[in-house]
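# Remarks on the overall topology
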Amino acid sequence: MGGEGSMMAANNSLKNNRNLISKRKERGGLSGSYSNAKLAEFPEATPEQLNEIKERIIKQNRTHRVKQLIVFGIIITVLILFFLYN
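Just so we're clear, the structure is a prediction, and the values are computed from it rather than from any experiment.

## A look at the overall build of the chain
When its secondary structure is counted, the chain shows 3 helices and 0 strands. N-terminal to C-terminal, the α/β element order of the chain is α-α-α. Counting across all 86 residues of the chain, residues that qualify as buried make up 0%. With an accessible surface of roughly 9000 Å², the chain has 62% of that area assigned to carbon and sulfur atoms.

## Re a nonpolar patch on the surface
A cluster of nonpolar side chains, contributed by Val-71, Phe-72, Ile-75, Ile-76, Leu-79, Ile-80, Leu-81, Phe-82, Phe-83, Leu-84 and Tyr-85, occupies part of the molecular surface with about 1200 Å² of accessible area. Within the fold, Phe-82 resides in helix α3 (residues 47-84). Of the residues examined, Phe-82 reaches a relative accessible area of 48% and is grouped as partly exposed.

## As for the confidence of the model for the chain
Summary statistics for the chain give a mean pLDDT of 86 and a share of 80% for residues scoring 70 or more. Mean pLDDT per element in the chain: helix α2 (residues 24-27) is the minimum at 59, and α3 is the maximum at 97.

## Here's the deal with the packing of aromatic side chains
Applying the stated criterion across every chain, the model contains 1 aromatic pair. Residues Phe-82 and Phe-83 carry aromatic rings whose centres are separated by 5.6 Å and whose planes lie at 70° to one another, so their mutual orientation is edge-to-face.

What counts and how
Residues numbered from 1 in each chain as written. Predicted model: local features only at pLDDT ≥ 70, side-chain atom pairs only at ≥ 80, totals over all residues. Heavy atoms only, no water. Helix = DSSP H or I, 4+ residues; strand = E, 2+ residues; numbered from the N terminus. Buried < 20%, exposed > 50% of the residue type's maximum accessible area, 1.4 Å probe, protein only. Areas by Shrake-Rupley, 256 points an atom, 1.4 Å probe, with all protein chains shown as cover. Patch = residues over 30% accessible without salt bridge, like charges linked within 9 Å, V, L, I, M, F, W, Y side chains within 5 Å. Salt bridge = Lys/Arg side-chain N within 4 Å of Asp/Glu carboxyl O. pLDDT = per-residue confidence, 0-100. Phe/Tyr/Trp six-rings, centres within 6.5 Å; stacked < 30°, edge-to-face > 60°.

So this is what it looks like as structure tokens:
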């Protein structure tokens, strides 16, 4: 009967993929304690700082979008001129 070789290859592939899966459940979780870990203290952001960050991001996005549109326009113009004069 045909197909035994392809089925054996499929079974081997499944077995190999199963062996590549992380064995985290079998080994258990992380060992040790985090009681001595130091947590970084971050300052609280004021509403003024948040608005300043928001304005800066909006301005950066706007300039990036304008640059993309300019490049896109140049590429389209070059392509149109290429097809018109060929």
